[in-house]
Amino acid sequence: MTNLIRYKMLSTEQVTEGRRIHVFDMQHQQKLSFNYELLKRTPKDYAGEELTEFLQKRELKIDNGFYDNRGHAS
């Protein structure tokens, strides 16, 4: 069975309470935007295991603003 990449990182932006994340969900063909700090505090089941795992793999790049307004493919 092949694992397909479901999410693509679009960009991040610094906001007063942390960092806002913008991703594209390829399965549902929609953009998602959310506060990264709030997502880290939610239970994994609620946030979605696949999305949580995707973000954990990119945590260092997100925290350092690597995706800020650049639209890097992830």
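Below is a short write-up of the structure.

Calculation rules
Residue numbers here run from 1 along each chain, matching the order of that chain's written sequence. Under the rules for a predicted model, residues below a pLDDT of 70 receive no local features and side-chain atom pairs below 80 are neither given nor counted, while totals for whole chains, interfaces and linings still include all residues. As a rule here, side-chain values come from all non-hydrogen atoms in the structure, and water together with hydrogens is ignored. Runs of H or I in DSSP of at least four residues are treated as helices and runs of E of at least two as strands, each being numbered from the N terminus. Only protein chains enter the area calculation, which uses a 1.4 Å probe; residues under 20% of their type maximum are buried, those over 50% are exposed, and those in between are partly exposed. Note on contacts: a residue pair is in contact if any heavy atoms of the two residues lie within 4.5 Å. Working definition of accessibility: Shrake-Rupley area with a 1.4 Å probe, residue cover restricted to the visible protein chains. Aromatic rings from Phe, Tyr and Trp, taking only the six-membered ring of Trp, are treated as a pair when their centres fall within 6.5 Å; an angle between ring planes under 30 degrees marks them as stacked, one over 60 as edge-to-face, and anything in between as tilted. By definition here, charges over rings are those cases where NZ of Lys or CZ of Arg is within 6 Å of the ring centre and within 35 degrees of the ring normal. Residues enter a nonpolar core if they are buried and are Ala, Val, Leu, Ile, Met, Phe, Trp, Tyr or Cys, with the set joined through side-chain atoms within 4.5 Å. Pairing between two strands requires that DSSP report at least two bridges joining them. Whenever a helix is involved, its axis is fitted only over the stretch in contact; in every case the axis is a line through C-alpha atoms, and angles between N-to-C directions fall within 0 to 180 degrees.

## Digging into the overall build of the chain
Here's step 1: Tallying secondary structure elements over the chain gives four helices and three strands in all.
Here's step 2: Reading the helices (α) and strands (β) of the chain from amino to carboxyl end gives β-β-β-α-α-α-α.
Here's step 3: Counting the 74 residues in the chain, one finds 32% classified as buried.
Here's step 4: At a minimum sequence separation of 6, the contacts of the chain that also span at least 24 residues come to 36%.
Here's step 5: Accessible surface computed for the chain: about 5400 Å², of which carbon and sulfur atoms make up 49%.

## Details of the packing of aromatic side chains
Here's step 1: By the definition in use, this model includes two aromatic pairs.
Here's step 2: Measuring from ring centre to ring centre gives 5.3 Å for Phe66 and Tyr67, while their planes differ by 90°; the resulting arrangement is edge-to-face.
Here's step 3: The class for Phe66 is partly exposed, based on a relative accessible area of 35%.
Here's step 4: For the cation-ring pair, Lys61 lies above Phe66, with the distance from its terminal atom to the ring centre recorded as 5.3 Å.

## Re the environment of Lys40
Here's step 1: Counting through the fold element by element, Lys40 comes out in helix H1 (residues 36-41).
Here's step 2: Put simply, Lys40 and Gln56 are 16 residues apart on the chain and 9.4 Å apart in space, counted from C-alpha to C-alpha.
Here's step 3: Sequence-distant contacts of Lys40, that is, excluding residues within four places in its chain, are made with Glu59 and Asp63.

## Considering the nonpolar core
Here's step 1: Judged by nonpolar contacts, the single largest core of 13 residues is most densely connected at Met9, Ile21, Val23, Phe34, Phe54, Leu55 and Ile62.
Here's step 2: Sorting the residues of this core by element identifies strand E1 (7-15), strand E2 (18-25), H1 and helix H3 (49-57) as the ones contributing at least two each.
Here's step 3: Apart from the residues lying within four places of it in its own chain, the contact partners of Val23 are Tyr7, Lys8, Met9, Leu10, Gln30, Lys31, Leu32, Phe34 and Phe54.

## Here's the deal with the sheet that holds E2
Here's step 1: In spatial order, the strands read E1-E2-E3; together these three strands make up an open sheet with antiparallel pairing. The open sheet has two edge strands with one neighbour each: E1 and strand E3 (30-35). Each strand axis lies, on average, 20° off the axis of its neighbour in the sheet, ignoring direction.
Here's step 2: Pairing of E2 with E3 involves six bridges; the strand directions are antiparallel. Among the inter-strand pairings, His22 is bridged to a residue of E3, identified as Ser33.

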